[in-house]
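Working through the structure, step by step
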Amino acid sequence: MQIEVNHLRKYYQVHQKEPGLLGSLRSFVRRKYEDVKAVDDLTFGIDAGEIVGFLGPNGAGKTTTLKVLSGLLYPTSGSVSVLGFTPYERRSAYLKQFTLVMGQKQQLLWDLPAVETFLVNKAIYEIRDADFDAMLHELTELLNLEPLLKKQVRKLSLGERMKCELAAALLHRPRILFLDEPTIGLDVTMQTNIRQFVAEYNARWNATVILTSHYMADVVALCKRVIVINEGHLIYDGDLRALAERIAPYKLVRVDFAQSPNGHDLSAYGEVRRVDGLNVELLVPRDQTSAITALMLSELPVADLTIEEPAIEEVIGRVFANAGVEREASSVER
Amino acid sequence: MLKKYLALLRASWQGTLEYRASILIYMLLASMPLVSLAVWLSLAADAPIGNYSSADFISYYLALIFARHMTGAWVSHELDYLIRQGLLSPLLLKPINPIHSQIAAHISDKLFRLPLVLTPIAIAALLIPGVHFDLSPLTILLFLLSLALTFAIIFVSTYCVGLLNFWITHAEAVSELWFGLRLLLGGTLAPIDLLPAPIPQLSVYLPFRYTLSFPVEIIIGRVSGGELALGFAVQLVWLAIFIALYRLLWVRGLRAYSAVGA
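Residues numbered from 1 in each chain as written. Chains lettered and ligands numbered in written order. Predicted model: local features only at pLDDT ≥ 70, side-chain atom pairs only at ≥ 80, totals over all residues.

**Concerning the sheet that holds strand 4 (residues 77-82) of chain A**
All names here are of chain A. Taking strand neighbours across the sheet as the criterion, the three strands line up as 2-1-4 in an open arrangement whose pairing is antiparallel. Edge positions in the sheet fall to strand 2 (32-46) and strand 4, since each of these pairs with one other strand and no more. The mean inter-strand angle of the sheet, taken between neighbouring strand axes irrespective of direction, is 35 degrees. With twelve bridges connecting them, strand 1 (residues 3-16) and strand 2 associate as antiparallel partners. Bridging from a neighbouring strand, Q13 pairs with D35 of strand 2. (Pairing = 2+ DSSP bridges. Helix = DSSP H or I, 4+ residues; strand = E, 2+ residues; numbered from the N terminus. Axes fitted to C-alpha atoms, helices over the stretch in contact; angles between N-to-C directions.)

Pasting the structure below:
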């Protein structure tokens with residue numbers, strides 16, 4: 001195992017303040033602290049070359065776990081080992097072998113062109129000239145950086161900056177990538193580009209990737225395996241498709257009618273998802289699929305009927321929505 | 001390490017040039033001791049004060065302004081910003097201590113200022129009658145050495161103040177206090193030997209003299225022999241103390257930073 005996490009716990013002390021002036025005064029005199037259990041007894045292991053999706057609602061503990069793995073946070077208890085290193089010791093040899101990409105405004109020198117940051121990284125990561133040139137060339141091609149390299153970072157658009165951040169984070173050719181919302185705020189084309197890039201990087205260097213994303217499409221495109229956590233606890237670790245089957249209590253039935261099924265109440269068969277002329281999509285309880293489809297075939301003017309798994313992103317989205325834990329995407333994440 | 005510093009300096013230098021206009025304004029601000037000089041000149045118009053004539057005051061303050069430009073540090077503001085905005089975390093992921101890029105930024109700032117400060121001061125020294133510096137090679141060497149140590153003390157102590165942001169939100173108040181004491185007791189408002197007893201005697205052992213006054217005293221030829229040796233010894237001791245403090249605050253601070261979520 002390249003990454004081993006055993007019974008990891010991370011509790012934060014959070015300073016509680018009552019609202020208003022009086023509350024401020026009270027908190028000035030006596031501060032109240034409360035323990036927040038960001039990660040509570042988490043255990044998992046990841047092999048070299050895996051791409052693992054790290055899923056969970058905001059506040060589930062995803063970012064906290066990534067920060068522990070990166071050595072930014074000391075675990076409250078439990079043990080963590082990555083590439084044989086204990087991350088929080090922050091050994092140079094470890095820092096040179098992974099990267100953590102955490103949204104915007106990370107490491108690019110704001111007033112200078114991105115290429116200047118790259119040169120600084122070349123020196124402090126002690127990247128050899130030939131390796132640097134090869135990697136920069138490769139990244140420039142994959143991310144289409146050529147027109148951006150010489151522009152001041154502060155003049156780049158959000159998406160352009162993200163691409164440069166990603167390049168700066170990968171110049172030292174890390175063996176492990178921790179990607180926290182790498183596509184947030186990007187348009188669909190750019191999201192697709194970054195997704196393709198991560199897949200290629202993984203394939204070419206056998207790099208290990210842990211990815212969190214609000215865009216389920218990222219996860220579906222990249223991750224065979226997912227780890228789902230909620231409130232700091234592990235709730236699922238395994239195959240993405242198996243998860244969908246386990247947590248989706250229904251199947252998607254597509255029906256093409258030979259003629260309009262007027263007069264029939266379709267909602268009697270299942271939840272009507274979409275009606276488009278003679279094409280209808282229904283969600284049908286998984287355990288009654290065969291009974292209900294048989295009924296439909298006998299009672300309705302069906303020309304064609306297919307049974308499918310519902311889209312994974314939708315399924316997972318529903319699970320979190322039903323749990324009542326999906327909060328604003330912009331709220332602060334632990 | 002040299003290679004890393006060259007890369008950091010290269011980037012810092014370009015950043016410095018990017019902000020040249022604002023640096024010029026900061027340079028005017030750092031020349032504020034001219035106000036103190038004006039006050040002392042009007043007081044010393046008729047008769048010397050202590051053992052300072054008008055020309056002595058001018059020599060003293062010209063040297064002081066130069067030393068101030070060459071030793072100033074603003075790193076506590078920088079750390080305050082980095083820590084409160086959570087921008088320190090990405091820096092901690094790099095295989096180099098964040099202090100080095102700050103040192104590089106300060107060095108590049110000094111290089112930028114050097115010709116801009118030295119030229120007008122040299123012209124003033126040549127044109128104003130009675131202005132005198134001790135420019136023997138040995139004195140210049142000692143001056144540069146104490147100037148470097150002065151910068152090191154200011155930088156490391158200011159860095160320590162900045163690290164307090166790990167525990168208190170906005171440690172700028174502490175920074176102001178440290179700055180104010182240095183202004184008062186470090187020779188900016190008045191030469192230390194004009195301050196009431198027992199401050200001049202205590203100053204030999206307190207840190208403030210070594211954050212500005214000491215190199216100035218050397219170049220205007222007011223400290224020599226045993227006093228000079230003692231001065232260097234005390235300056236080195238204070239530097240060692242601040243470095244030890246820095247190490248302690250850095251290790252403990254990272255732990256505190258981690259406790260609130262980095």
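On we go.
**A look at the interface of chain B and chain A**
Each partner contributes to the interface: chain B provides 21 residues, whereas chain A provides 23 residues. A breakdown of the residues in the side of chain B that touches chain A according to their chemical character gives eleven nonpolar, five polar and five charged. (Contact = placed C-beta atoms within 7 Å. Nonpolar A, V, L, I, M, F, W, Y, C, P; charged D, E, K, R; others polar.)

**Brief notes about unusual backbone geometry**
In the segment running from B:A197 into B:P198, the intervening peptide bond is cis, with an omega of 5 degrees. Here B:P198 lies in the loop between helix 9 (172-185) and helix 10 (199-203). In the Ramachandran plot, A:D41 falls in the positive-phi region, its phi being about 65 degrees despite a non-glycine side chain. At A:E181, a residue that is not glycine, the phi angle is positive and equals roughly 55 degrees. Checked against the element boundaries, A:E181 lands in the loop between strand 6 (176-180) and helix 7 (188-205). A tally of 21 C-beta atoms within 10 Å means that A:E181 is categorised as buried. (Buried ≥ 20, exposed ≤ 12 C-beta atoms within 10 Å, placed from the backbone.)

**Quick notes on helix 4 (residues 54-71) of chain B**
Taking 1.5 Å as the rise per residue, helix 4 of chain B with 18 residues should run 26 Å; its terminal C-alpha atoms sit 26 Å apart, in good agreement. Burial analysis of helix 4 of chain B places 16 of its 18 residues in the buried class, the great majority of the element. (Expected span 1.5 Å × (residues − 1).)

**A word on the environment of A:T293**
Residues and elements named next belong to chain A. Mapped onto the elements, T293 comes out in helix 10 (residues 289-299). Judged by local crowding, T293 falls into the buried class, with 21 C-beta atoms found within 10 Å. For the pair T293 and H264, spaced 29 residues apart in sequence, the C-alpha to C-alpha distance is 15 Å. In this view, T293 contacts V253, L305 and I307; residues no more than four positions away in its chain are not counted.

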